[in-house]
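Architecture and fold: a report
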Amino acid sequence: MRSRFCDVAFPIPVHRQFTYEVPAALRDAVQVGVRVVAPFRKRLLTGVVVGLRAESDLREVKAILDVLDGSQNYSDEMLRLTRWISDYYLSSWGEALKSAGPTGTAVESRQFVKLIPQDASDKNEIRGKIIDTLRGTEGLDIKQLGKKVGTTGLRYHLSKLEDEGIVEVSDKLGEPRVSIKYESYVQFKGDYGSAEKLGTVLNELDKRATKQSEIILKLSQLQRVSEGGVSVVQLLAQARGSMSSLLALVEKGIVELYDKESYREAEFGYHEPDKDFRLTQAQSNCIGAVNGAVAAGEYSTFLLHGVTGSGKTQVYIETIDFVLSKGKGAIVLVPEISLTPQIVDRFRRRFSEKVAVMHSRMSLGERYDAWRRVYRGEALVVIGARSAVFAPVRNLGLIVVDEEHEASYKQSDTVPRYNARDVAVMRCLVNNAVALLGSATPSIESYFNAASSKYTLLGLPERIDNARMPRIELVDMKKKRKEKLVFGNFSDELRAMIGDRLSKKEGIIILRNRRGFSTYLQCAECGTTEMCPNCDVALTFHKKKSHLRCHYCGFVKQPPVRCSKCGSDKLYYGGSGTQKVEEELASSFPEAVILRIDLDTTSSRGAHDRILTQFANGDADMLVGTQLVAKGLDFPRVTLVGVISADATMLVPDFRSNERTFQLLTQVAGRAGRQDKEGGVIIQVTNSNEEILGFVARHDYRAFYDKEVEVRRELNYPPFSRMVVLEFRGHDFRETGEAADRAAKRIRKNLPVIAVLGPAPAVIGKLLGKFRFQIVIKMSKQLDKAGERLESVLDEIDVELKRAYGNSISFFPDVDPVSTL
């Protein structure tokens, strides 16, 4: 029997589903996992059907308006996975489903404002501005109107104008931001493509219609290859013909045009030379273990701990080859978009058209088409960043998480705040698939799970091709400064090593994990630093554009000529970023070709590819960059890595600071000496006696892990507790702190916690114009495993704060945070 009612999950911060009536005309189309358009309060929203029912206890039930999918858009396994994400990361189910779906396909209503009497006026300044903005237009979307007149009090003033009959506010159903692309194709009509008919047609064509003849000949040639129609663009380009010539053939009934669905694909210009390789015994052992688990068809998670340059990527390729031979699909997650060109090149050489790529730098259309290729089973291997974990791969056999320790796998800016690595493990559990986590510097949590036999540990302890691990030297910059052997950002040793490598035509990578030119502008008289007005951070000077910029909110201003506090003109540009390091290198080594890779140089489409290709081909001597240069890049010609201000990350007040420092330095050091030439690494530090730096210099991950895990155990930090950070934001400092204090009291009273730290202002106390307070909760993993009590308490806090402060205070939970900043 067809269901009369359905339960719908919407992408809104409400932890429940909503029941709707299914109109008789839509009952055949409505099923669990399809998207529907339904009225919600004064709006129309896209939601996902998560349940069907024959009856409803509700007196009044609204009806859904439309069904967006012809078949199940969310599979049963995706519904189970997103339900777990919702429960574990404390989001609504609808928000989790939105993260898992194709971007840009939702249909929502938009509020539209129209001026009724064109001669209207109002004495109120804001309302008068609204009227003036609308006058002469057919109306504006409320978001467009807000950009022109400001958003403060906008809805209040619109309601006043609506009451007076001056404006009309209505809902209009919007269009999806992305849709299927169609391309014009051409083919012979009827039997005109046959050899006999073709000859007759060419003889009958006017001798002056040479272009038409050329188009016919080229179409005949291309159709024999494609066994079907040919793209109009391709045909005209190869025949060097015009659209008018083609349309003339259409009018004569010789050819016909039709539209065909086409895919938009991102182009990757990076290509590595082919390499001969032979698997090492360690690689073969790892591949055998993973393949055995895939063949068994049972869930398991492996942690592949392999030193840099040990051939982890080849292990991934061989195991995926086996997965495909079993009729299954695979997902490969990479932490940074910058790694995508290299890894895509390697995988496409092996698996060609079976590979689909998904990441945020692609256009909406390219991402949507990649999603559809996977959904249809045309692509069996997906490569992408964080969100690719949701790719609709059929019969999933394996998920690879490369560089599993990376913080970029954590979604920290939007809800749900999931970690793609942990979601990958859970998705494999749901599908009886295999998860393969790889890293030279595994996260403490993952290695702990392997040591506790929750994961199976695999090892690649040596580099391939008998390459040696690089020799790492720590340079104490305090001593160098006393000896006057520091030149800008560089010690005499690093400068000498750079000169030596340049003379040998070998590649060099320099890491400075701060972008910009100078990291702050300070008054030499009173010490005042130019700060962002929206965030509690110093503005960074960017020399190329000669402006100060906030790297958090994007605020930009021209550098002042006098101190804003005391009026002194003695201003000092302090600190250094990648721009300054690049300038110093260019001054010291004027003959060298230097490339820079950071957020500023890679913001344009294809910039990653161009920079990496240029460096890989030997067209540049040095690559200067932020942490982008540390992650997974493989350049055999690089024999020297230099690190500027290496221990700066250790000073960050976060419980993961030591771990991040060890990982970053070990990873960037691993870029050196990947073939027969030994690599050298110069790490410039302020305090060379730090124990963690000794672990890095000795390539001793296990010693680092043993030390760090004991500190975590003593302080009840993960993996020995479940950690949740509650962040409160508001425009008023006192009010925000007061709200956080209320929440902390309720948590201490009602939750079984190990410890509650705070509330206290966040390290960055103000961000995007709002003050921030944090509460850190450490909970036992054995109590409240499903998080039901925590969710219940957070719901109580939400009700209490809304009653006391309205919408002026917002708060959100971050489960398993990668940072407490």
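Structural data are supplied above this passage.
Small disclaimer: the values here were computed from a predicted structure and weren't measured.

1. Quick word on the packing of aromatic side chains
Applying the stated criterion across every chain yields a total of 26 aromatic pairs. Seen from their ring centres, Phe615 and Phe635 are 5.1 Å apart, and the 90 degrees between their planes marks the pair as edge-to-face. With Phe615 in helix H19 (residues 607–616) and Phe635 in the loop between strand E29 (622–625) and strand E30 (638–643), the pair connects residues that are 20 residues apart, well separated along the chain. Across the pair, Phe635 and Phe615 agree in class, each one buried. Aromatic pair Phe655 and Tyr717: ring centres 4.6 Å apart, planes at 5 degrees, arrangement stacked. In this pair, Phe655 sits in the loop between E30 and helix H20 (657–669) while Tyr717 sits in the loop between helix H22 (701–715) and strand E32 (722–730), placing the two residues 62 residues apart along the sequence. On the accessibility criterion, Phe655 (14% relative accessible area) is buried.

2. A few points about the pairing of E29
On a regular strand, each side chain points to the face opposite its neighbour's, so the side chains alternate between the two faces of the sheet. Every second residue of E29 is oriented toward a common face, with Met622 and Val624 on one face and Leu623 and Gly625 on the other, all of them buried. With 4 bridges connecting them, strand E28 (residues 594–597) and E29 associate as parallel partners. Within E29, the residue paired with Arg596 across the bridge is Val624. Regarding the hand of the β-α-β motif, the stretch spanning E28, H19 and E29 is right-handed.

3. Overview of the sheet that holds strand E8 (residues 167–173)
Pairing is antiparallel in the open sheet, where 3 strands are placed in the order E7-E6-E8. Strand pairing shows two members of the sheet lacking a second neighbour, strand E7 (140–141) and E8, which therefore form its edges. As defined by bridge partners, strand E6 (residues 109–115) adjoins E7 across 2 bridges and the pair is classed as antiparallel. Following the sheet pairing, Val113 is matched in E7 by Leu140. Contacts from helix H3 (residues 125–134) reach E6, E7 and E8 within the one sheet, and its direction differs from that of E6 by about 90 degrees.

4. Examining a negative patch on the surface
A cluster of like negative charges, contributed by Glu162, Asp163, Glu164 and Glu168, occupies part of the molecular surface. Its place among the elements puts Glu162 in helix H5 (residues 154–163). The class for Glu162 is partly exposed, based on a relative accessible area of 38%.

5. So, helix H7 (residues 210–226)
Three- or four-residue spacings in an α-helix give side chains the same orientation, since the helix completes a turn every 3.6 residues. Between its first and last C-alpha atoms H7 spans 24 Å; for 17 residues at 1.5 Å apiece the expected length is 24 Å, and the two agree. Burial in H7 covers these residues: Gln212, Ser213, Ile215, Ile216, Lys218, Leu219, Ser220, Leu222 and Gln223. Of the surrounding elements, those touching the buried residues of H7 are strand E9 (181–188), helix H6 (195–204), strand E10 (230–231), helix H8 (232–239), helix H9 (243–251) and strand E11 (255–262). Following H7 by one or two positions, Glu227 has its phi on the positive side, about 55 degrees.

6. Notes on the packing of H3 against H5
Where H3 meets H5, the axes come as close as 10 Å, and the angle between the chain directions of the two elements is 75 degrees. Put simply, H3 runs roughly perpendicular to H5. Across from Ile126, Arg127, Ile130 and Ile131 in H3, the residues of H5 making contact are Leu154, Tyr156, His157, Leu158, Lys160 and Leu161. Taken together, the residues of the contact of H3 with H5 sort by class into 7 nonpolar, 1 polar and 2 charged.

7. Re the pattern of salt bridges
One pass over the structure, following the stated rule, counts 49 salt bridges. Here Glu265 makes a salt bridge to Arg348, at a shortest N to O gap of 3.9 Å. Here Glu265 is found in the loop between E11 and helix H10 (281–296), whereas its partner Arg348 is found in helix H12 (residues 340–351), with 83 residues between them in sequence. Accessibility expressed as a relative area gives 37% for Glu265, which makes it partly exposed. Among the residues examined, Arg348 registers a relative accessible area of 26% and is labelled partly exposed. Across the salt bridge formed by Arg350 and Asp321, the nearest N and O atoms sit 3.3 Å from each other. Here Arg350, found in helix H12, pairs with Asp321, found in helix H11 (residues 312–325); they are 29 residues apart in sequence, far enough to count as distant. Overall, the relative accessible area of 34% leaves Arg350 in the partly exposed class. By relative accessible area, Asp321 is classed as partly exposed at 32%. One salt-bridge network, in which partners are shared between bridges, spans Glu261, Arg264, Asp369, Arg372 and Arg376.

8. Comments concerning the pairing of strand E3 (residues 35–40)
Among the 6 residues that make up E3, 6 are buried, leaving the element largely enclosed by the rest of the structure. Side chains of E3 alternate between two faces, with Arg35, Val37 and Pro39 and Val36, Ala38 and Phe40 buried alike. In sequence, E3 turns back onto strand E4 (residues 43–53) through a hairpin of 2 residues, with Arg41 there showing a positive phi of about 55 degrees. Bridge count between E3 and strand E5 (residues 66–67): 2 bridges; the pairing is antiparallel. Across the sheet, Val36 pairs through a bridge with Val67, a residue of E5.

Parameters at a glance
- Residues numbered from 1 in each chain as written.
- Predicted model: local features only at pLDDT ≥ 70, side-chain atom pairs only at ≥ 80, totals over all residues.
- Heavy atoms only, no water.
- Phe/Tyr/Trp six-rings, centres within 6.5 Å; stacked < 30°, edge-to-face > 60°.
- Helix = DSSP H or I, 4+ residues; strand = E, 2+ residues; numbered from the N terminus.
- Buried < 20%, exposed > 50% of the residue type's maximum accessible area, 1.4 Å probe, protein only.
- Pairing = 2+ DSSP bridges.
- Right-handed = clockwise from strand over helix to strand, strands pointing away.
- Contact = heavy atoms within 4.5 Å.
- Axes fitted to C-alpha atoms, helices over the stretch in contact; angles between N-to-C directions.
- Patch = residues over 30% accessible without salt bridge, like charges linked within 9 Å, V, L, I, M, F, W, Y side chains within 5 Å.
- Areas by Shrake-Rupley, 256 points an atom, 1.4 Å probe, with all protein chains shown as cover.
- Salt bridge = Lys/Arg side-chain N within 4 Å of Asp/Glu carboxyl O.
- Lys, Arg positive; Asp, Glu negative; His and termini not counted.
- Charge placed at Lys NZ, Arg CZ, Asp CG, Glu CD.
- Expected span 1.5 Å × (residues − 1).
- Parallel < 35°, antiparallel > 145°, perpendicular 65-115°, else oblique.
- Nonpolar A, V, L, I, M, F, W, Y, C, P; charged D, E, K, R; others polar.

As far as function goes, none of this settles anything; it's purely spatial.
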